[in-house]
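Next come the chains, spelled out residue by residue.
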Amino acid sequence: MRYVIAEILLLLCWLVFPADMHAYNKPYVINFSKEKYGASNKNWAIGQDERGIMYFANDVGLLEYDGIGWELNTIPNRPTIRSVAVLSNRTLFTGSYEEFGRWDRDLSGKLQYTSLSATIDKSEFENDDFWKIWANGEFVYFQSFGSVFVYDYDTVRKLPLSYPILFLTKVRDEYWVQRMGDGIYRLQEDKLQMIPGSDIFNDTDVRIILPFQTDKYLIGTAGKGIYIYDGEGFKEWNPELSEIMRAVDLNCGMRTMRDTYVFGTILDGIYEVDENGRVVDRISTENMLQNNTILSLFEDHVGNIWAGLDRGISFVQYLPKMSCYIDSKGNMGSAYEAIFWDDKLFLGTNQGVYYIRKADLEKSGTLSEAKLVEGTQGQVWSFIIADGKLYCCHNRGIREIHKNLSISEPYNLTTGVYKGVQTRLKGRDVLLLSTYNLLKLVDKQTGVVHDLNPLNEPIINTEVDHLENVWLEHFNKGVFRCRLSDDMQRIESYTYLGGDSGDQLPYKLKVFKVGGRVVLLGDDCFYNYDDISDAVIPNEHLNNCFRMVHGIRNVVHIQGSIFWALTRSAIYKFSYDGYDASIIESYDLGSKNLSLVNSYENISIANDSINIVCLDNGFLLYDNQKDAFGDTHLEPPFLKSFQVEAVGLAPQYKDLSETIEVPYKYNSVTIRFSAKNTLASSYYFQYILEGVDPHWSESQKINRISYVRLPEGEYTLKIRTLDNLGNYSEPVSCTFHVQPPWYQSVWAYLAYLLLAALTLLLIWMMILRRYRNVHLMKIRSREAKRLRRKNEELLRELEEKNAELLTQTSFVIRRNELLMKIKGELEDFYRKQNNKSLAPLFNKVDALLSENIDTEEDWKMFLINFEQKHTGFFKHLKADYPSLTSNDLKLCACLRLNLDSKDIAALMNVSVRSVENSRSRLRKKLNISASQHLNEFFLQF
């Protein structure tokens with residue numbers, strides 16, 4: 001019921017206080033409702049930083065949007081964020097349930113949260129939501145219904161409040177707030193001082209407080225309407241507006257750059273009001289708003305409005321010089337042509353002719369006022385105004401629309417008509433009709449219709465040049481240049497261009513006129529017809545002008561040397577006088593989700609200033625007399641973060657303010673970037689990595705670039721923004737160095753040099769060692785030879801000594817045997833003779849024999865010779881067997897010479913039996929078994 005009352009009041013307001021049609025643009029709405037991270041939830045507050053990045057306090061967290069992509073920042077256990085205040089791109093503040101704090105951006109470009117309320121006793125704000133935050137260079141104010149906390153960027157303190165308050169509002173440099181159930185107070189020196197006379201608001205909620213004019217204030221309430229405070233008292237601004245706001249439940253508002261006020265309501269969307277309190281526009285679900293409950297409003301740097309809704313976010317964009325009329329429900333169909341006539345706007349659509357009263361164009365929900373002209377149902381291609389009459393070119397011929405909106409059929413054509421052109425040929429006023437099967441001519445004087453044979457082709461457009469050549473644009477292929485007969489009842493001759501004529505021109509050609517001369521368009525190339533040489537040649541002026549524009553579908557003449565060029569998703573206003581061409585304005589409609597009618601792109605020229613851009617779901621009203629607003633400067637990009645990655649390792653981030661050194665292990669890099677007002681300005685981006693990319697990349701809507709596994713070297717990445725004309729900003733550069741792998745570093749090369757030196761030294765040492773070994777081998781060989789010779793000499797000498805020793809031993813043995821035998825024979829002879837006289841001689845000879853058998857002297861000589869041959873024998877033997885006597889040692893020496901018992905007995909001058917006994921005793925001392933030969937033992941010892 002309240003909504004119906006609001007509609008009636010709004011209608012009365014427009015009737016009593018009509019707005020100037022040319023004063024305010026109607027915006028276009030872009031909705032964010034199904035975006036990632038929950039843009040479709042409640043959006044309680046909105047902010048923007050100096051780089052144009054938008055922030056939304058949302059039911060799921062803090063949303064961040066740079067015009068390309070969304071980021072979600074959350075607080076543990078606090079999903080809903082109620083308020084946000086942006087100090088800069090590096091720092092912002094949020095408030096939520098029993099929580100408030102600050103966000104700071106780190107090297108990764110991501111926001112990191114620090115709680116400020118954690119330092120305060122929770123009982124001071126128990127069960128409180130922080131609904132408003134205001135930040136400046138000195139203080140940050142966090143406000144709930146029960147408290148206000150002040151943060152001086154060091155400590156947090158609480159203002160002494162003993163009563164609940166509503167919404168703290170910053171107006172100019174002051175802070176105002178309503179005490180619940182009371183009047184309005186001004187915050188001064190941490191104390192609230194009541195504004196005199198504000199007790200009139202005791203029984204209502206003050207929702208908005210805005211600056212008005214230079215020194216006044218606008219007070220918006222929930223139940224009493226809107227008031228102006230001039231410093232002395234409060235006065236209702238506009239009673240009719242107050243009634244509307246009471247009916248739709250005013251919730252939020254702001255003053256805009258366009259010197260208007262925008263109010264968000266709970267029941268009926270957004271209202272735009274001028275300084276006189278007159279409603280100039282309403283944005284609601286009737287014209288593309290997602291829902292009518294507005295929780296927050298914000299104006300960005302270029303004057304566009306962001307609305308936080310109960311479900312989703314809406315971007316309300318004001319296109320320069322244009323008002324948008326979008327048929328969101330598709331009731332009218334696609335618009336092919338539009339024209340003003342009899343204080344009405346007539347729209348030719350694929351469903352028929354609709355009309356809207358001119359006065360209704362400033363109303364909210366304009367297209368809901370559109371009505372169908374009965375009898376025009378079907379495809380309408382274009383309109384003709386001739387002799388003050390309105391005709392529509394229809395699928396079923398031509399229909400005249402009368403001022404009482406009845407229709408009639410002025411000519412019986414039996415075919416559909418695309419377009420009609422009024423012109424003068426051969427001194428007569430005629431109407432040329434482009435129809436489905438041929439060109440028809442209507443003689444305005446007689447009203448007779450002539451079929452211009454013999455060219456029976458569907459003709460979609462007709463132009464007449466300064467030589468009275470009639471140019472016919474075929475529906476699908478090429479054009480025809482025709483000459484009519486003198487009686488203008490047939491085509492006398494024609495030339496076929498383009499299509500399948502084989503003349504190397506594009507297959508499909510469009511035709512339009514410049515200064516009476518025909519220009520052709522096909523495949524993004526313009527051609528002139530040179531009547532002197534009767535040839536079609538490229539138009540260098542237009543081709544150079546549109547060298548960066550692709551997909552041109554149509555060209556529409558406005559007036560004089562001003563034209564529109566249309567592509568599938570963009571329109572370009574340009575000037576061309578035959579000698580010079582330049583683009584004046586451009587509009588990228590595709591980025592706004594607007595599109596022209598495919599293959600029938602058209603702009604209708606209402607008059608010198610008003611043009612109507614026909615869309616497949618409505619139209620745009622272009623007014624050249626309106627001033628463009630907002631910043632049209634092409635913003636360069638800015639870098640957000642520099643990330644390096646390695647397989648299996650956590651990414652690292654580099655400080656963009658310092659020289660960037662990238663370890664080779666982390667040679668995959670990702671650079672995040674954006675530009676100010678990317679969404680509103682429809683920016684694209686190009687980039688080039690010098691040394692890797694041969695040329696600039698294709699223009700793209702991106703906000704990050706990645707390069708994988710870059711080799712070692714110095715790199716410079718350049719990024720620039722582009723608009724839909726191909727204009728580009730100054731590039732922003734980022735230079736970085738990918739360090740060599742560890743095996744190519746300076747330390748590695750030093751290690752390689754050291755290793756090489758050590759290797760060479762080792763090789764040198766090995767060579768020296770080899771030469772030394774060879775030398776030693778030679779020396780050893782010579783020494784071995786010498787030693788062999790010496791050994792041989794020693795062996796010979798030893799053998800000689802052995803032989804000499806044996807010889808001496810044998811000689812002693814034989815001598816002793818002989819002497820003993822002589823002595824025995826002498827004793828036998830003496831006994832037998834028994835002659836006393838022989839006694840002296842016997843004794844003398846016996847003594848002489850005994851003296852020569854002196855074994856002790858023989859043994860000394862024997863031992864000397866034995867020791868020379870067997871050095872150390874007795875020493876080692878005595879050391880091993882200390883119990884051996886001198887006789888035992890003598891026996892051992894004899895055994896070492898391998899003498900038998902008989903020879904030993906003879907040598908020692910003892911009996912053989914004594915020798916055998918001595919051998920037995922020796923065996924026991926040496927602990928030799930009976931099975932081992934005693935001689936072998938000493939030969940081995």
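Criteria and thresholds
Residues numbered from 1 in each chain as written. Predicted model: local features only at pLDDT ≥ 70, side-chain atom pairs only at ≥ 80, totals over all residues. Heavy atoms only, no water. Axes fitted to C-alpha atoms, helices over the stretch in contact; angles between N-to-C directions. Helix = DSSP H or I, 4+ residues; strand = E, 2+ residues; numbered from the N terminus. Parallel < 35°, antiparallel > 145°, perpendicular 65-115°, else oblique. Left-handed = near helix turned anticlockwise from the far one by under 90°. Contact = heavy atoms within 4.5 Å. Nonpolar A, V, L, I, M, F, W, Y, C, P; charged D, E, K, R; others polar. Buried < 20%, exposed > 50% of the residue type's maximum accessible area, 1.4 Å probe, protein only. Arc of directions from axis to C-beta. Pairing = 2+ DSSP bridges. Phe/Tyr/Trp six-rings, centres within 6.5 Å; stacked < 30°, edge-to-face > 60°. Lys NZ or Arg CZ within 6 Å of the ring centre and 35° of its normal. Core = buried A, V, L, I, M, F, W, Y, C linked by side-chain atoms within 4.5 Å. Salt bridge = Lys/Arg side-chain N within 4 Å of Asp/Glu carboxyl O.

### Digging into the packing of helix 8 (residues 873-880) against helix 9 (residues 886-896)
- At a minimum axis separation of 11 Å, helix 8 and helix 9 run at an interaxial angle of 120 degrees. The pairing of helix 8 with helix 9 is recorded here as oblique in orientation. Our pair here, helix 8 against helix 9, has a crossing hand that is right-handed. Within the contact between the two elements, helix 8 uses Phe 873, Phe 874 and Leu 877 and helix 9 uses Leu 889, Cys 892, Ala 893 and Arg 896.
- Residue composition of the contact of helix 8 with helix 9, grouped by class: 6 nonpolar, no polar and 1 charged.

### What to know about the environment of Tyr 743
- Its place among the elements puts Tyr 743 in the loop between strand 64 (732-738) and helix 5 (746-833).
- Placed 417 residues apart in sequence, Tyr 743 and Ile 326 show a C-alpha to C-alpha distance of 65 Å.
- Among residues more than four places away in sequence, those in contact with Tyr 743 are Ala 748 and Tyr 752.

### Concerning the packing of helix 9 against helix 11 (residues 912-926)
- Contact geometry of helix 9 with helix 11 gives a least axis separation of 10 Å together with a crossing angle of 95 degrees. In terms of axis orientation, helix 9 runs roughly perpendicular to helix 11. Each of Asp 888, Leu 891, Cys 892 and Leu 895 in helix 9 lies in contact with helix 11, whose residues at this interface are Val 915, Ser 918, Arg 919, Leu 922 and Lys 925.

### As for helix 8
- Among the residues making up helix 8, those that are buried are Phe 873, Phe 874 and Leu 877. One side of helix 8 holds all its buried residues, which, seen down the axis, span an arc of 85 degrees. Opposite its buried face, helix 8 presents the exposed residues Lys 875 and Ala 879, each directed more than 90 degrees away.

### Notes on the sheet that holds strand 61 (residues 684-690)
- In space, the 4 strands of this open sheet follow the order 59-64-63-61, with mixed pairing throughout. The open sheet is flanked by strand 59 (660-662) and strand 61, the only strands paired with a single partner. Recorded for the sheet is a direction-independent mean angle of 25 degrees between the axes of neighbouring strands.
- Sheet topology note: the strand 63 (residues 713-722)/strand 64 ladder contains 7 bridges and is antiparallel.

### Describing the packing of aromatic side chains
- For the structure on display, the rule yields 62 aromatic pairs.
- With a centroid separation of 6.1 Å and an interplanar angle of 65 degrees, the aromatic rings of Phe 93 and Tyr 151 are classed as edge-to-face. Residue Phe 93 is located in strand 7 (residues 91-96), and its partner Tyr 151 is located in strand 12 (residues 148-151); the two are separated by 58 residues in the primary sequence. This pair shows no difference in class: Phe 93 is buried, exactly as Tyr 151 is.
- The structure contains a cluster of three or more aromatic residues connected by ring pairs, namely Phe 93, Phe 100, Phe 125, Phe 130, Phe 142, Phe 149, Tyr 151 and Tyr 153.
- Above the plane of the ring of Tyr 163 lies Arg 179, whose end atom (NZ or CZ) is 3.7 Å from the centre.
- In this structure, Arg 720 is placed above the aromatic ring of Tyr 728, and the distance from its NZ or CZ to the ring centre is 3.8 Å.

### Points about the nonpolar core
- Among the nonpolar cores identified, the biggest contains 49 residues, and Trp 306 and Ile 571 are the most heavily contacted of them.
- Listed in part, the 26 residues of the second largest apolar core include Leu 634, Phe 642, Val 662 and Tyr 715.

### So, the environment of Tyr 527
- On the secondary structure map, Tyr 527 appears in strand 48 (residues 525-530).
- Placed 84 residues apart in sequence, Tyr 527 and Asn 611 show a C-alpha to C-alpha distance of 26 Å.
- Discounting residues that sit within four places of it in the chain, Tyr 527 has contacts with Leu 505, Pro 506, Val 518, Val 519, Leu 520, Gly 522, Val 536, Ile 537, Pro 538 and Asn 539.

### Let's talk about the pattern of salt bridges
- Going through the model one piece at a time under the given rule, you end up with 36 salt bridges.
- The partner of Arg 311 in a salt bridge is Asp 310, with the nearest N and O atoms 3.9 Å apart.
- We note a salt bridge from Asp 342 to Lys 344, for which the minimum N-O separation is 3.3 Å.
- When salt bridges that share partners are traced, they join Lys 42, Asp 310 and Arg 311 into one network.

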